[in-house]
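# Per-entry structural report
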Amino acid sequence: MIFNRLISSTQRLCVRSFSTAKPQSLKERLREIIPVEQEKVKKFRAEFGSKVLGETTVDMAYGGMRGIKGLIWETSVLDADEGIRFRNLTIPECQKLLPKAEGGEEPLPEGLFWLLVTGEVPTTEQVRALSADWAARSAIPSYVEDLLDRCPNTLHPMSQFSLAVTALQGESSFAKAYQDGVPKSQYWDYVYEDCNDLIAKLPAVAARIYRNVYKDGKLPASDSKLDYSANFARLLGYNDKGFDELMRLYLTIHSDHEGGNVSAHTTHLVGSALSDPYLAFSAGLNGLAGPLHGLANQEVLRWIFKMQAAVGENPSDQKIKEYLWSTLKAGQVVPGYGHAVLRKTDPRYACQREFALKHLPDNALFKLVSQVYTIAPGVLTEHGKTKNPWPNVDAHSGVLLQHYGFTQEDYYTVLFGVSRALGVTSGLIWARALGFPIERPKSYSTDHLIKLFAKK
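Residues numbered from 1 in each chain as written. Predicted model: local features only at pLDDT ≥ 70, side-chain atom pairs only at ≥ 80, totals over all residues. Heavy atoms only, no water.

## Comments concerning the overall build of the chain
Our working definition: For the purposes of this entry, the term helix denotes a DSSP run of H or I that reaches at least four residues, the term strand denotes a run of E that reaches at least two, and both are numbered from the N terminus. The globule rule is 2.2 Å times the number of residues to the power 0.38, and the radius of gyration it is compared with is taken over C-alpha atoms. A 1.4 Å probe rolled over the protein chains alone gives each residue an accessible area, and that area as a share of the maximum for its type sets the label: buried under 20%, exposed over 50%, partly exposed in between. When checking whether two residues touch, look at their non-hydrogen atoms; a contact exists if any pair is within 4.5 Å.
In terms of helices and strands, the chain carries 21 helices and 2 strands. The C-alpha atoms of the chain give 22 Å as radius of gyration, which agrees with the globular expectation for 456 residues (23 Å, within 12%). The buried share of the chain, reckoned over its 456 residues, is 52%. Intrachain contacts of the chain at a sequence separation of at least 6 include 76% that bridge at least 24 residues.

Pasting the structure below:
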């Protein structure tokens, strides 16, 4: 009974919306929601806390804890067959329900953040107020600007990004409040402030890195009248409505992918030690920079270019098939295909494909990616060593960016990082609101396991 009531209340939250003369701020709404969620968790644990949740095998322990059920992540859930749901809404539902920019068709990331934090679909007025709030917080300290300006252009953009976020820690409200002895019940309040300050400053930080490394180092002023994505695009040097729409879609769909991926879990883990959001997110960025995580999108693009050079213009399906087999027979993977959890085409891939069909149907690189999409699953299935022969999000994002002239693929993971901040900071707010403790799983040595199973 309690469980059914809890699920029903959560589902109601997902579609609740407000239309008041003066829009309620995100923090005001969150202050109302947190006590309700705290009580829900308390009642659920009282009734079901002793129940067994999944099983752990030796292979799971050796396989990177793959599939172990042992983490609470309130903002999104990933289903192997259905894909990601943000607070119980699919990506197509988010595209339909979340507020959009005037004349735009893609959801605004500000609305997605509101959804992740509250479980509710915001009104256009609430999203505009949040955009204005972030714009007011967006200035970065001069010492961070100086730090970035002194970085050599040879230092990878992700290293610079992590460095700058760590340096912003000097601005942390939570770190100061903790040192002053703020009660535990108020942790979430200061973490909330840090998370919104961090999100607001990321476009200026990321754009400064881009301008320093690839352009003349000159950065235009932020425009507080623009939404988050459009302003980011202008800071990067793009003044194209299509690119604005791409940024809105990109920042929304890359934001969250439940809590077990490296960047999300690392941020959560470091935050569980009560490190402030700047330190926690910079740790997550270092995980995102790995080639098996956020760096994968540029690996896909380089493979596509290599294939394009090998098969020529307008290749036949047979040529594509032969190239795929040559990649596999060389002991390599087909980049952008397969996923640790998903067992179907990634919905994030599907919505990017729809964007391409709408905005760049005749793009040669998109046509090649589409051709691979129709052929690769069959080849991978026949090969037999891939659990999921379908494309993931990384198989498409680089092609869209290339179309708009954003050709610096070494920088793509920074864009991913700006987006991922929306999801992981939402998780940090709720981790502190619900009082999650420091994370400390149990580990064993191989010798201990041998002795343990020898006894059995």
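Once the structure has been displayed, the description carries forward.
## Topic: the packing of helix H17 (residues 347–359) against helix H18 (residues 364–383)
Counted only if it meets this: A fitted line through C-alpha atoms serves as each axis, taken over the contacting stretch for helices, and the angle formed by two N-to-C directions is quoted from 0 to 180°. Angles below 35 degrees are treated as roughly parallel, those above 145 as roughly antiparallel, those between 65 and 115 as roughly perpendicular, and all remaining angles as oblique. If you view the pair so one helix is near and one far, a crossing is left-handed when the near helix is turned anticlockwise from the far one by less than a right angle, and right-handed when it is turned clockwise. In this classification, the charged set is Asp, Glu, Lys and Arg, the nonpolar set is Ala, Val, Leu, Ile, Met, Phe, Trp, Tyr, Cys and Pro, and all remaining amino acids, among them Gly, are polar.
Between H17 and H18, the least distance of the axes is 11 Å, while the angle of their chain directions is 140 degrees. Considering their axes alone, H17 and H18 lie oblique with respect to each other. For the element pair H17 and H18, the recorded crossing hand is left-handed. Contacts between H17 and H18 involve Tyr 349, Arg 353, Ala 356 and Leu 357 on the former and, on the latter, Phe 366, Val 369, Ser 370 and Tyr 373. For the contact of H17 with H18, the per-class residue count stands at 6 nonpolar, 1 polar and 1 charged.

## Section: the pairing of strand S2 (residues 83–86)
Here is the rule we go by: Any two strands are treated as partners once DSSP identifies two or more bridges connecting them.
One ladder, built from 4 bridges, connects strand S1 (residues 76–79) with S2; its direction is antiparallel. Looking at S2, one finds that Ser 76 is bridged to Phe 86. Counted along the chain from S1 to the antiparallel partner S2, the turn is 3 residues long.

## As for H18
Keep this limit in mind: To estimate the expected span of a helix, count its residues, drop one, and scale the result by 1.5 Å. Axes are fitted to the seven residues ending at a residue and to the seven starting at it; the angle between these axes is taken as the bend at that residue. Think of a polar contact as two N or O atoms within 3.5 Å of one another; within protein, one of them needs to be a possible hydrogen donor and the other a possible acceptor, and neighboring residues in sequence only count if both atoms come from side chains.
Compared with the 28 Å implied by 1.5 Å per residue over 20 residues, the 28 Å span of H18 between its first and last C-alpha is a close match. Along H18, the sharpest change in direction is near 35 degrees and occurs at Ile 375; proline Pro 377 comes one to four residues later. Among all positions in H18, only Leu 365, Phe 366, Leu 368, Val 369, Ser 370, Gln 371, Val 372, Ile 375, Ala 376, Pro 377, Val 379 and Leu 380 are buried. Where the residues of H18 are buried, they touch helix H15 (296–311), helix H16 (317–329), H17 and helix H19 (397–403). Residue Asn 363 occupies the N-cap position of H18, its side-chain oxygen lying 2.9 Å from the main-chain nitrogen of Leu 365.

## Some thoughts on the UniProt feature "active site" (unreviewed entry) in the chain
How we decide: UniProt positions are given in the numbering used here, feature names are shortened, and annotations may be inferred rather than shown by experiment.
Taking the UniProt record as the reference, the feature "active site" (unreviewed entry) is found at His 293, His 339 and Asp 394. Separation in sequence by 102 residues is not matched in space for these annotated residues, since their most distant C-alpha atoms are only 10.6 Å apart. Its location among the elements puts Asp 394 in the loop between H18 and H19. Note on Asp 394: relative accessible area 10%, which makes it buried. Ignoring any residue separated from it by four or fewer positions in sequence, one finds Asp 394 in contact with His 293, Ala 296, Asn 297, Val 300 and Phe 416.

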